[in-house]
Amino acid sequence: MDNTIKQSPSLISLITGLRYPNIPRLTGNPILGRLPHMFRDNGVMDNLIKAGELAVNHPSGMCYYWIGNKLSLLITKPEDIYQFKVKNAQNLSLGMPLLEKFAGTTMFTDVKEVWREKRELCHNAMYHGSSLKQLESPMNQIIGFYLQQLQAHPTKTINLRTFFYNFVIDIVTSTLLGRTENSYKANNSLDHLSDTASYLADVTEQVFEFRSLFKWMLPPLFAKWLFPKGANNLEKLKIEMRARYQQVYLCPHLSNIKHTDNLLQKFWELNSPKDASEKCADTNDIFGDSAFLLAAGVLTTVATFEFIIKLLFANPDKEQKLREQLQQHLQGQTPTMEALDKIEYLDMVIKETLRLYPPSPLFPTREVSQAFKLNNIPVYKGDLVIVSPYITHRLNNLWDKAEEFIPERFAEENASKITKYSYIPFSIGPRFCI
């Protein structure tokens with residue numbers, strides 16, 4: 001079947017907003033589409049859930065709406081997601097203008113050759129068996145410190161987000177930079193966000209929080225109208241955030257990055273000019289990848305920790321089952337990689353948490369660069385195709401009791417019952433999350 005199309009969308013569809021007569025449409029403002037809804041509290045998630053309700057109640061499993069002049073097509077069926085993310089990956093743009101404008105060069109938007117090299121570096125540094133084994137000792141030291149802090153204050157109320165932020169940042173920093181002796185003891189406490197955690201929290205809220213994303217995407221005329229006091233000045237915010245990142249993260253670790261064998265040092269060499277005399281000359285060469293890896297590693301892990309606690313608290317029978325398996329396999333000893341691999345229920349709890357609360361409820365969207373057909377639906381250049389694991393992971397036709405926390409659905413004997421490509425917490429296709 002020829003899955004490509006050559007014609008452009010009709011002018012009538014652009015004027016009226018009516019593109020697909022057989023697919024439900026989420027209506028909005030005649031000019032701005034659904035964009036005004038994005039600036040409300042929880043507006044992006046509310047919009048996604050409303051579109052998802054229309055999609056899952058329709059045979060196509062699709063819903064479309066407009067964000068300004070961009071048509072957005074939400075797809076929910078695993079087979080359509082596979083066709084889009086895998087079979088049509090070459091028809092999607094590599095660029096993500098907002099990310100590039102704020103962060104510059106990152107492996108998220110690199111051309112294919114550089115992207116492959118960076119992924120290989122990440123795999124060898126963080127996910128290869130021997131590399132993980134080398135990280136086990138420093139990670140256990142960090143874990144031990146935080147456990148001591150909790151045990152020293154058994155009756156103290158703590159803010160879990162603050163605790164998880166500081167804890168995960170220490171783990172990720174150790175992974176990215178190589179072991180930094182006792183940095184966690186000097187910089188963190190149970191009561192206050194570390195400088196790096198505070199920075200990441202601000203970036204998330206001011207730049208990459210869902211509502212802000214759409215604010216930065218506004219055409220200049222609308223931006224000036226909606227934000228007359230210049231609240232949408234991304235360039236000013238970018239300069240401030242870059243300077244702060246240099247101060248709280250890169251500069252304190254600069255010597256370690258340059259002179260030890262670590263992931264950021266390898267990325268720096270890859271990003272820097274090929275003239276050896278110029279290497280490691282400018283921290284801007286590493287800013288994008290460094291900030292991206294730190295944020296991606298920390299924010300997703302903190303959110304997952306929080307949801308694991310939430311779900312176990314709400315399901316004490318599951319918590320008790322996990323406790324029993326931990327006690328059975330660890331017997332009070334410090335966990336090792338080998339021991340953790342044997343605790344099947346721990347893996348099931350994590351997977352079920354990621355099903356209900358995936359790290360990204362909708363994946364960062366790339367524009368269509370070359371028109372194609374998706375399940376006989378024409379998708380045109382400039383359109384946005386939206387994939388939401390949050391919606392697909394909760395489809396009742398794919399998951400029994402989809403809204404319930406049932407880790408047992410990921411038991412080895414139940415693996416064959418899970419529809420292929422229905423579980424995608426880290427996306428699929430050539431650019432899935434490392």
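Everything discussed here concerns the structure shown above.
Residues numbered from 1 in each chain as written. Predicted model: local features only at pLDDT ≥ 70, side-chain atom pairs only at ≥ 80, totals over all residues. Heavy atoms only, no water.

Remarks on the sheet that holds strand β2 (residues 70-75)
Strands sit in the order β1-β2-β5 across an open sheet of three strands; the sheet is mixed. Unpaired on one side and paired on the other, β1 (62-67) and β5 (384-387) mark the two borders of the sheet. On average, each strand axis in the sheet is inclined to that of its neighbour by 25 degrees, with strand direction left out of account. As judged from the six bridges shared by β1 and β2, these two strands associate in the antiparallel manner. Its bridge partner lying in β2, Ile67 is registered against Lys70. (Pairing = 2+ DSSP bridges. Helix = DSSP H or I, 4+ residues; strand = E, 2+ residues; numbered from the N terminus. Axes fitted to C-alpha atoms, helices over the stretch in contact; angles between N-to-C directions.)

A closer look at the nonpolar core
One finds Leu176, Tyr249 and Val298 to be the most contacted residues of the largest nonpolar core, which totals 48 residues. Secondary structure elements with two or more residues in this core: α5 (97-103), α6 (112-127), α7 (129-152), α8 (160-177), α10 (195-208), α13 (234-250), α15 (263-271) and α16 (284-314). Leu35, Val44, Leu48 and Phe405 belong to the second largest nonpolar core, which has 31 residues in total. (Core = buried A, V, L, I, M, F, W, Y, C linked by side-chain atoms within 4.5 Å. Buried < 20%, exposed > 50% of the residue type's maximum accessible area, 1.4 Å probe, protein only.)

A few points about the environment of Pro335
Tracing the backbone through its elements, the reader meets Pro335 in the loop between α17 (316-330) and α18 (337-341). Put simply, Pro335 and Glu136 are 199 residues apart on the chain and 9.5 Å apart in space, counted from C-alpha to C-alpha. Residues in contact with Pro335, not counting those within four places in the same chain, are Glu136, Asn140, Leu330 and Leu340. (Contact = heavy atoms within 4.5 Å.)

Let's talk about the pairing of β5
Residues of β5 alternate between two faces, with Leu384 and Ile386 on one and Val385 and Val387 on the opposite face, all of them buried. Two elements, β2 and β5, share four bridges in a ladder whose sense is parallel. When the sheet's bridge partners are listed, Ile75 is paired in β5 with Val387.

Topic: the packing of α8 against α16
It is the contact of α8 with α16, at a shortest axis distance of 9 Å, that shows an interaxial angle of 140 degrees. As far as their axial angle goes, α16 and α8 are oblique. Considering how the two elements wind past one another, α8 and α16 form a crossing that is right-handed. Note on element contacts: α16 touches α8 through Leu293, Leu294, Gly297, Val298, Leu299, Thr301, Val302, Phe305, Glu306 and Ile309, opposite Leu160, Arg161, Phe164, Tyr165, Phe167, Val168, Ile169, Val172, Thr173 and Leu176. Of the residues assigned to the contact of α8 with α16, the class counts are 15 nonpolar, three polar and two charged. (Parallel < 35°, antiparallel > 145°, perpendicular 65-115°, else oblique. Left-handed = near helix turned anticlockwise from the far one by under 90°. Nonpolar A, V, L, I, M, F, W, Y, C, P; charged D, E, K, R; others polar.)

Everything listed is a geometric property; what it means functionally is a separate question.
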